[in-house]
Amino acid sequence: LAKTTQPISMDSYEGQEVNITCSHNNIATNDYITWYQQFPSQGPRFIIQGYKTKVTNEVASLFIPADRKSSTLSLPRVSLSDTAVYYCLVGGAGNMLTFGGGTRLMVKP
Amino acid sequence: DAGVIQSPRHEVTEMGQEVTLRCKPISGHNSLFWYRQTMMRGLELLIYFNNNVPIDDSGMPEDRFSAKMPNASFSTLKIQPSEPRDSAVYFCASRSGRTPSDTQYFGPGTRLTVL
C-alpha cells in the first residue's frame, strides 16, 4: 500500500485559498489519489479524486504532477465551515485504503 | 439514497458485555468496510468484505472482535467481551466496486463507550 505524508495541521483565514500537499513517493501505476474531508462527529466525506494532471469540481481542485509522487488539494476562498481534517489516500480497485493522520485545517475569521 | 446506515449511533456498555454494531450499506454496493477511530490511533481499517466475503481481517485487533455479512444489505461487528480500550467511534463504509476509481461512502458512525 502506498504511504502518504501530509502536514499535521494548517491555519488559514476566511476568503483565502488553501493548498494542502500530500507526498506519495511509492504510488503504483494503477493507483488513484483521493481526498476526504472529516468534520467532528461525522464520517469522512469524499471531496475529489484524480489520476494525473488537474481535476476540478464544485468544491476543490486537485493538482497532480507528471511523476504523480505528490498531489495538492486546493480549496478556493475557504470559510469557517471548511475547518476539518483532510485526508489524502492512494489506492485503486481491490486495494484497501489506508488513512494517514490527515491535515487538520483551522480557518479563522 | 439514504446513504450508509449505522445503528446504534451511541452505545454505552459495561466491561465484559457483548456489543453488536450494525451497518446497512448503500444499495448496489458490493464492498463493505469497518473502521475504528480514536484520538490516539486515528482511523484504522478493521475488516473488508467484497461480495459478502471477508477479504482481509488483518486489522481486527483480537479474537474478541468478529464481523459478519450474511447478505449484501447487512453487516455486523461484534465485540465479546468488550473492554474499556474498545471505546472508539466505529465507521462502516461501502463502495460499488464497479470501476477502479470507485470511492468509499462512510456512515455516520457508532460512538462506543465501554465503562
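Residues numbered from 1 in each chain as written. Chains lettered and ligands numbered in written order. Predicted model: local features only at pLDDT ≥ 70, side-chain atom pairs only at ≥ 80, totals over all residues. Heavy atoms only, no water.

### Some thoughts on the side chain of S74(A)
All names here are of chain A. Along the chain, the position of S74 falls in strand β7 (residues 70-75). What makes S74 buried here is its relative accessible area of 5%. Only 3.0 Å separates the side chain of S74 from the side chain of N19, close enough to count as a polar contact. Apart from the residues lying within four places of it in its own chain, the contact partners of S74 are E17, V18, N19, A60, S61 and F63. (Helix = DSSP H or I, 4+ residues; strand = E, 2+ residues; numbered from the N terminus. Buried < 20%, exposed > 50% of the residue type's maximum accessible area, 1.4 Å probe, protein only. Polar contact = N/O pair within 3.5 Å; in protein donor to acceptor, adjacent residues only side chain to side chain. Contact = heavy atoms within 4.5 Å.)

### Here we look at the state of the cysteines
Inspection of every chain in the model, using the stated rule, returns two disulfides over all chains. Across the disulfide from C22(A) sits C88(A); the S-S distance is 2.2 Å. Across the disulfide from C22(A) to C88(A), rotation about the S-S bond amounts to roughly -80°, and the bridge is consequently left-handed. With C22(A) in strand β2 (residues 18-23) and C88(A) in strand β8 (residues 84-91), this pair connects stretches of sequence that are 66 residues apart. An identical accessibility class is assigned to C22(A) and C88(A); each is buried. Linked covalently through their sulfurs, C23(B) and C92(B) form a disulfide whose S-S length is 1.9 Å. Across the S-S bond linking C23(B) and C92(B), the dihedral sits near -65°, which makes this disulfide left-handed. Here C23(B) is found in strand β3 (residues 19-24), whereas its partner C92(B) is found in strand β9 (residues 88-95), with 69 residues between them in sequence. The exposure classification of C23(B) matches that of C92(B), with both residues buried. (Disulfide = S-S within 2.5 Å.)

### Observations regarding the nonpolar core
L32(B), W34(B), F49(B), M60(B), A67(B), L77(B) and Y90(B) are the most contacted members of the largest nonpolar core, which totals 21 residues. Once residues lying within four places of it in the same chain are set aside, the contact partners of F49(B) are N30(B), S31(B), L32(B), W34(B), P54(B), I55(B), A67(B), K68(B), M69(B) and S75(B). The next biggest cluster of nonpolar side chains, apart from the first, holds 20 residues, and it includes I20(A), L73(A), V78(A) and V90(A). (Core = buried A, V, L, I, M, F, W, Y, C linked by side-chain atoms within 4.5 Å.)

### Thoughts on the layout of surface pockets
Each pocket or cavity is described by its volume, and for the largest pocket that value is around 660 Å³. Forming the walls of the largest pocket are 28 residues, and the residues nearest its centre are V85(A), Y87(A), R104(A), Q37(B) and M39(B). Mapped by element, the contributors of at least two residues to the lining of the largest pocket are β8 and β9 (103-108) of chain A together with β4 (31-38), β5 (42-50), β9 and β11 (110-114) of chain B. Of the residues assigned to the lining of the largest pocket, the class counts are 14 nonpolar, 12 polar and two charged. (1 Å grid on protein atoms, 1.4 Å probe; cavity = no way out; pocket = protein on both sides within 12 Å on 5 of 7 lines; lining within 4 Å. Points joined across faces, edges and corners; volume = space filled by probe spheres on them. Nonpolar A, V, L, I, M, F, W, Y, C, P; charged D, E, K, R; others polar.)

### Thoughts on the pattern of salt bridges
All names here are of chain B. One pass over the structure, following the stated rule, counts nine salt bridges over all chains. The partner of E44 in a salt bridge is R41, with the nearest N and O atoms 2.7 Å apart. Among the residues examined, E44 registers a relative accessible area of 16% and is labelled buried. The exposure class of R41 is exposed, given its relative accessible area of 57%. Across the pair E62 and R85 runs a salt bridge, and its minimum N-O distance is 3.2 Å. Taken together, the positions of E62 in the loop between β6 (53-56) and β7 (65-71) and R85 in the loop between β8 (74-79) and β9 put the pair 23 residues apart, joining distant regions of the chain. For E62, a relative accessible area of 27% gives the class partly exposed. A residue is classified by how much of its surface remains accessible, and R85, at 53% relative accessible area, is exposed. One continuous salt-bridge network, built from bridges that share partners, spans E62, R64, E83, R85 and D86. (Salt bridge = Lys/Arg side-chain N within 4 Å of Asp/Glu carboxyl O.)

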